[in-house]
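Each chain, letter by letter, is given below.
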Amino acid sequence: MTKAQLTVLAGPTAVGKGTVVTALTKRYPTLKVSVSATTRDPRPGELNGVHYYFVSPQDFDAMIERGDMLEWALVHGNNKYGTPRGPVDEALNAGTPVLLEIDLAGARQVRAKRPDAQFIFLSPPSWEELERRLIGRGTEGAEEQARRLATARVELDAASEFDHVVINDDVERAVDELARLIGLE
């Protein structure tokens, strides 16, 4: 039996990370997708340990101090989000592959702590398609779209930092490629 692999998946806003990961876990239910911790309050319908680990700011800070976070960030100056190390290590030790779906800054933090992990960048087929997807989902105003697109340019420039680049031109094809890289097929 080969050692279970930690895989980090990152990519720019609107590239379809969530869509691809949902399709991947539907096809491979044994794949563990890490659950982030957050200091924000649960939204209606969110369950602790399923959608997020909801922790107090004091507990989150203690986790950082103990080295219990693989990566973390303060988002919009309000709440902290991050990946707890414990559940990831438990799954890997049990032989279960783990996928982290995180942003570029988080991926860089994980690389510093876990250089043995595999890093995959999910890329759009073109800049124009990324713009179309972001604008087409209609969840952000023009100012937020512009901010996200500026961030996406920086993120796309970082693709060379990753072990592999998967183009999300077709969800099923991207899932096939990810499954092969993760070792699920």
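Everything that follows concerns the structure shown earlier in this document.
Notes on the structure in this doc start here. Worth saying up front: this structure is predicted, and the values here are computed from it rather than measured.

**Digging into the nonpolar core**
- Counting 25 residues, the largest nonpolar core has Leu9, Leu24, Leu31, Leu99, Val166, Leu178 and Leu184 as the members making the most contacts within it.
- Looking at this core, the elements with two or more residues in it are helix H1 (17-27), strand S8 (118-123), helix H5 (127-137), helix H6 (142-157) and helix H7 (171-182).
- Ignoring anything within four residues of it in the chain, the contact list for Leu99 reads Thr7, Leu9, Val21, Leu24, Leu31, Lys32, Val33, Ser34 and Ile182.
- Ranked by size, the runner-up nonpolar core spans 20 residues in total, among them Ala107, Ala117, Phe119 and Ala158.

**Observations regarding the sheet that holds strand S2 (residues 32-33)**
- Read across the open sheet, the five strands follow the order S2-S7-S1-S8-S9; overall the sheet is parallel. With partners counted over all chains shown, the strands left at the sheet margins are S2 and strand S9 (164-167), one partner each.
- Pairing analysis gives four bridges linking strand S1 (residues 6-10) to S8, with the strands arranged parallel. Within S8, the residue paired with Val8 across the bridge is Phe119.
- Sheet contacts for H1: S1, S2, strand S7 (98-101) and S8; angle to S7, the most-contacted strand, approximately 165°.
- Docked against the sheet, H7 engages S1, S7, S8 and S9, running at close to 160° with respect to S9.

**Notes on the packing of H1 against H7**
- Direction vectors running N to C along H1 and H7 enclose 65°, while the axes themselves pass 9 Å from each other. Two packed elements cross with a definite hand, and for H1 against H7 that hand is right-handed. Counting all contacts with H1, which are made through Thr19, Val20, Ala23, Leu24 and Arg27, the residues of H7 involved are Val171, Glu172, Ala174, Val175, Asp176, Leu178, Ala179 and Ile182.
- Residue composition of the contact of H1 with H7, by class: nine nonpolar, one polar and three charged.

So, how was this worked out
Residues numbered from 1 in each chain as written. Predicted model: local features only at pLDDT ≥ 70, side-chain atom pairs only at ≥ 80, totals over all residues. Heavy atoms only, no water. Core = buried A, V, L, I, M, F, W, Y, C linked by side-chain atoms within 4.5 Å. Buried < 20%, exposed > 50% of the residue type's maximum accessible area, 1.4 Å probe, protein only. Helix = DSSP H or I, 4+ residues; strand = E, 2+ residues; numbered from the N terminus. Contact = heavy atoms within 4.5 Å. Pairing = 2+ DSSP bridges. Axes fitted to C-alpha atoms, helices over the stretch in contact; angles between N-to-C directions. Left-handed = near helix turned anticlockwise from the far one by under 90°. Nonpolar A, V, L, I, M, F, W, Y, C, P; charged D, E, K, R; others polar.

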